[in-house]
Amino acid sequence: MKIASLLLALFAGLMINGAALYAQDAAPDAAPAHKAAGKKKSGKKKGKAEKAERAEKPAKEEKAEKPGKGDASPMAKALKKVNYVTSKKPDSKATHYIYLISASWCGPCNAEMPHVVEQYKEMSKCGVELILVCADHDKSQAVGFMKKYGADFPGAMGDTERHKLLGWEDRNGIPYAIIVDANGNKLTCGNAASVIGGWKQTTGKQ
């Protein structure tokens, strides 16, 4: 009887020790499963972050390509400093600009104005802006001269404003004209009828 009790106690002890050993062996396997789940979750977050970054990159590049206020041409910037006798201001996006030096008291200037007004209708549609630089000494005379011929292009007083114009060149005799590009580089100048008559060839708007 004592021997049977002893064997039973020994058997129970072995069972307890075996269970403890099994628990120790099983524990390391559980840890990697937990870590793997953590890695999987971390991988998902990383994937979302990369996807968001890829989606954001084209938007940034597109924004960078759009011209800002600082991208205005040298001519557009210079013309903002000019004081005009007309409410109309020069087209800041024009590719070329024509300065027409004229005056109300000049016979040849009056004879040329109807032709200039007619030419301007086509110029303005082609990205070519014309600015009357008036040689009159009175603003009211300059305004009256433009209204007389229905001129709808910008006008400025030559006495005070001509040297603000990029590519400007003082010459004797009017009417004469100067054509410059958007950077203010002079392309041609001379008799107004000849220069304005050949504006398409000079600007490449044929």
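Note: the structure precedes this text.
Residue positions are counted from 1 within each chain, in the order its sequence is given. Only residues with pLDDT of 70 or above have their local features reported here, since the model is predicted, and side-chain atom pairs are shown and tallied only from 80 upward, although totals for entire chains, interfaces and linings are computed over all residues. Values shown for side chains rest on all heavy atoms present in the structure; no hydrogens or waters enter the calculation.

Caption draft 1: Focus on the sheet that holds strand β2 (residues 128-134). Between any two strands, pairing holds if DSSP finds at least two bridges. Counting from the N terminus, the helices are the DSSP runs of H or I reaching at least four residues and the strands are the DSSP runs of E reaching at least two. The sheet built from five strands is open, its strands ordered β3-β2-β1-β4-β5 with mixed pairing. Of all strands in the sheet, those bounded by a partner on one side alone are β3 (155-157) and β5 (186-191). When the angles between neighbouring strand axes are averaged without regard to direction, this sheet yields 20°. Where β2 and β3 come together, three bridges link them in parallel fashion. Every axis corresponds to a line fitted to the C-alpha atoms, with the helix fit spanning only the stretch in contact, and the corresponding angles, defined between N-to-C directions, vary from 0 to 180 degrees.

Caption draft 2: Fine view of the pairing of strand β1 (residues 96-102). With a 1.4 Å probe rolled over the protein chains alone, any residue whose accessible area is under 20% of its type maximum counts as buried; one over 50% counts as exposed, and the rest are partly exposed. β1 sits mainly inside the fold: seven of its seven residues count as buried. Of the two faces of β1, both are covered, the one formed by H96, I98, L100 and S102 as well as the one formed by Y97, Y99 and I101. With seven bridges joining them, β1 and β2 adopt parallel strand pairing. Paired with I101 across the bridge in β2 is V133. With the strands pointing away from the viewer, any crossover whose connection runs clockwise from the first strand over the helix to the second is right-handed. Viewed along the sheet, the connection from β1 through helix α3 (residues 107-123) into β2 turns out right-handed. Examined bridge by bridge, β1 and strand β4 (residues 176-181) share six bridges and lie antiparallel to one another. Considered in β4, the bridge of Y97 is made with V180.

Caption draft 3: How the structure looks around the side chain of S73. You can see S73 is positioned in the loop between α1 (2-65) and α2 (74-79). Judged by relative accessible area, which is 17%, S73 ranks as buried. What S73 contacts, discounting residues up to four positions off in sequence, is S92 and A182. Note on contacts: a residue pair is in contact if any heavy atoms of the two residues lie within 4.5 Å.

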